[in-house]
Amino acid sequence: MSELILGISAFYHDSAAALVRGGVPVAAAQEERFTRKRHDPSFPGQAVRHCLDTLGVSLADVGAVAYYEDPRLKFRRVLATLAGVAPASFSAFADTVPSWLRSDGKLRAVDVARRELGALGLGVVPDIVVRRHHESHGASAFFPSPYRSAAVLCVDGVGEWATTTLWHGRDTALRPLAEIRFPHSLGLLYSAFTYFCGFKVDSGEYKLMGLAPYGKPRYADLIRQRLIDIKPDGSFRMNMRYFAYLRGQVMTGRAFEKLFGGPRRTPEGPLTEREFDLAASVQQVTEEVMLRLARTARERTGERTLCLAGGVALNCVANGKIVESGVFDEVWIQPAAGDAGGALGAALAVAMERGAAREHVGSGRDAMSGALLGPEFSEAQIAEYLHSRGIAHRRLERRDLVAAVAAALAEGKVVGWFQDRMEFGPRALGARSILGDPREPGMQSAMNLKIKFRESFRPFAPSVLAEDAKDYFDLRQNSPYMLIVAQVAAAQQISVPETDATGIDLLHVRRSTIPAVTHVDGSARVQTVTAAGNPAYHELLTAFKARTGCPVLVNTSFNVRGEPIVNSPHDAYTCFMRTEIEMLAMGNFLLDKSEQPPWSEEGDWRAELPLD
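Summary of the structure given here. A quick note: this is a predicted structure, and the numbers were derived from the prediction, not measured. (Residues numbered from 1 in each chain as written. Predicted model: local features only at pLDDT ≥ 70, side-chain atom pairs only at ≥ 80, totals over all residues. Heavy atoms only, no water.)

1. Quick notes on the layout of surface pockets
Here the second largest pocket defines a volume of roughly 600 Å³. In this structure, the second largest pocket is lined by 29 residues; those nearest its centre are W332, D366, N478, P480 and Y481. Breaking the lining of the second largest pocket down by element, the ones donating at least two residues are β12 (330–333) and β18 (523–529). Counting residues per element, the lining of the second largest pocket draws most heavily on β12, which supplies 4 residues. Grouping the constituent residues of the lining of the second largest pocket by class yields 15 nonpolar, 11 polar and 3 charged. (1 Å grid on protein atoms, 1.4 Å probe; cavity = no way out; pocket = protein on both sides within 12 Å on 5 of 7 lines; lining within 4 Å. Points joined across faces, edges and corners; volume = space filled by probe spheres on them. Helix = DSSP H or I, 4+ residues; strand = E, 2+ residues; numbered from the N terminus. Nonpolar A, V, L, I, M, F, W, Y, C, P; charged D, E, K, R; others polar.)

What follows is the structure in structure tokens.
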């Protein structure tokens with residue numbers, strides 16, 4: 001057996017574990033999927049167990065454990081930052097430093113990881129190797145990509161010191177070319193606006209991106225003039241007078257409030273024109289920086305392909321602008337682009353250092369197995385769960401199950417789709433998904449309010465058969481991981497009459513033949529589906545097309561607001577019964593809501609879920 005390397009990210013947010021064999025990812029998962037705590041930062045013990053169980057191995061079979069960042073270097077940055085703004089940082093110092101210095105504190109993260117691994121009782125713990133945060137991002141972006149060589153761009157909040165890095169990947173080597181350092185951070189700029197608009201940092205950034213098309217970028221010039229000085233090559237410096245994250249635990253203060261006309265929006269408070277326009281403005285600036293950085297990456301490396309990772313690489317609108325620009329022939333984005341993917345990147349970096357090969361290169365496919373790297377439940381396990389709970393169900397052959405689900409979707413029903421291995425990363429890609437008919441105008445609002453229990457403005461993504469994507473979207477390349485936004489094709493657009501509608505009212509204007517997945521600016525966050533990448537989901541899309549003529553489905557993650565994506569049959573059934581999902585396809589078993597007993601549980605389950 002080729003050498004096994006286990007990667008771990010932990011103790012900040014989105015803790016995860018990943019297992020690499022001979023340079024190929026074979027298992028990966030976020031800890032939140034097991035603990036049911038969204039963005040869980042705790043040690044990923046259950047994720048580690050999943051990775052090892054996938055191959056039936058123990059820690060004694062693992063050549064090394066790779067930790068995704070350098071805690072000591074990160075602590076030096078924290079101390080230097082607090083000292084640099086003293087005495088204003090005194091309270092932040094008192095809150096922060098003791099937690100780093102505890103015996104189980106972040107400074108000793110590697111020692112804590114070693115103890116936690118030992119406590120799992122899965123064999124002798126191998127050596128733990130520390131990688132840098134942005135090296136882990138860069139490795140996760142390049143090594144699984146389908147390219148022999150590529151420019152690699154990593155943009156996030158902050159690692160140890162780096163916030164933006166440029167690399168040149170070639171074969172099994174990754175060479176650093178340039179970096180931007182804290183406190184100047186595009187990710188933290190975006191998070192500042194996320195915070196100011198009343199959303200949660202490190203969680204609500206995608207809401208801000210979804211809100212942007214409802215507004216006008218009337219603050220964009222002000223952002224450029226006062227907040228961030230953008231150079232022609234995409235490098236930038238931020239005016240720290242307007243940000244509070246150097247001095248404490250909040251992102252913005254009074255200077256920011258004065259600049260943008262008042263205090264931050266209260267979380268869960270009404271959304272106003274100001275929030276719409278702030279979102280549109282910072283989104284435009286972010287796209288400008290990313291496009292300039294991409295052009296510089298092309299110039300510095302001479303490469304025609306680009307790999308992206310880091311939290312800002314989850315900004316699929318900015319990704320779409322890079323793809324649309326044609327600066328690169330093709331762009332590949334790590335599906336777990338945030339900190340969870342750092343576990344995979346750290347493992348890959350060590351594997352390549354130890355002589356692993358990238359044997360998938362030349363096949364035309366990446367090494368991520370469609371991001372389907374999480375737990376899988378056998379037919380016997382699902383059957384045992386259903387029978388033990390006395391749950392009404394039918395077992396169908398796969399062909400009959402697919403036909404029944406396609407028919408239900410064509411009738412306007414909402415279906416939970418629980419199949420094969422769980423996805424690694426924040427997107428549901430047709431393994432743990434809630435599906436609907438995109439042709440139904442009221443589907444977006446209904447799914448948001450009655451199933452996801454979330455704000456009505458949030459858009460849904462389309463899954464489309466890759467072979468039909470060009471007929472529905474202006475997309476220059478495949479988008480298997482739902483990380484590229486493109487315009488809906490002209491042939492599918494509907495002429496929109498002049499309207500005075502603004503803000504959320506724009507949601508009710510029909511713009512295309514697939515209104516449930518068409519955002520208010522005529523765009524969509526597209527997932528292209530192939531038979532090789534996800535056979536069961538491709539089969540369902542094909543059956544839906546045969547029945548309706550439409551090769552597109554609404555695809556949203558199988559969860560409710562504030563909850564991680566479902567992992568187990570129990571998680572799936574619970575979500576099914578708590579919501580207005582009408583049918584659940586779990587493996588070869590089909591469950592109809594009308595046949596289920598009434599659902600009851602003690603207390604208000606929604607009150608137990610944190611707001612996202």
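2. Considerations on the packing of aromatic side chains
Taken as a whole and judged by the stated rule, the model has 20 aromatic pairs. Arranged with centres 6.0 Å apart and planes meeting at 50°, the rings of F182 and Y245 form a pair that is tilted. Linking F182 in the loop between β8 (173–181) and α7 (186–196) with Y245 in the loop between β10 (236–238) and α10 (254–259), this pair joins segments that are 63 residues apart in sequence. For the pair F182 and Y245, one class covers both residues: buried. Measuring from centroid to centroid gives 6.0 Å for Y573 and F576, while their planes differ by 55°, and the two rings are tilted. Of the two residues, Y573 and F576 both sit in helix α19 (residues 569–578), 3 residues apart, roughly one turn of that helix. (Phe/Tyr/Trp six-rings, centres within 6.5 Å; stacked < 30°, edge-to-face > 60°. Buried < 20%, exposed > 50% of the residue type's maximum accessible area, 1.4 Å probe, protein only.)

3. A short note on the sheet that holds strand β6 (residues 149–155)
Overall, mixed pairing links the 5 strands, which are arranged β8-β7-β6-β11-β12 in an open sheet. Where the open sheet ends on each side, the last strands, each with one partner, are β8 and β12. Looking at each pair of strands side by side, their axes are set apart by 20° on average, direction ignored. Both β6 and strand β11 (residues 305–309) contribute to a ladder of 4 bridges, which runs parallel. Bridging across to β11, A151 finds its partner in L306. (Pairing = 2+ DSSP bridges. Axes fitted to C-alpha atoms, helices over the stretch in contact; angles between N-to-C directions.)

4. Re helix α12 (residues 316–325)
When α12 is considered as a whole, its buried residues turn out to be C316, A318, N319, G320, I322 and V323. Those residues of α12 hidden inside the fold are in contact with α8 (205–211), α11 (273–301), β11, β12, β17 (484–487) and β18. Two residues or fewer past α12, G326 is found with a positive phi of approximately 75°. (Contact = heavy atoms within 4.5 Å.)

5. So, the sheet that holds strand β15 (residues 432–436)
The 9 strands are arranged β13-β21-β20-β14-β15-β19-β16-β18-β17 in an open sheet whose pairing can be described as mixed. Here the strands that pair on one side only, and so sit at the sheet edges, are β13 (394–395) and β17. With 2 bridges joining them, β13 and strand β21 (residues 589–592) adopt antiparallel strand pairing. Residue pairing across strands places R395 opposite F589, the latter belonging to β21. Along the sheet face, helix α15 (residues 398–410) touches β14 (415–418), β15, β19 (552–557), β20 (583–586) and β21 and points at about 150° away from the line of β14.

6. Notes on the pairing of strand β2 (residues 16–21)
In terms of burial, β2 is a largely internal element, 5 of the 6 residues being buried. Linking two consecutive strands that pair antiparallel, namely strand β1 (residues 4–9) and β2, is a turn of 6 residues; a positive phi of about 80° is found at F11 within it. Between β2 and strand β3 (residues 24–30), which pair antiparallel in sequence order, lie 2 residues; one of them, G22, sits at a positive phi of approximately 60°.

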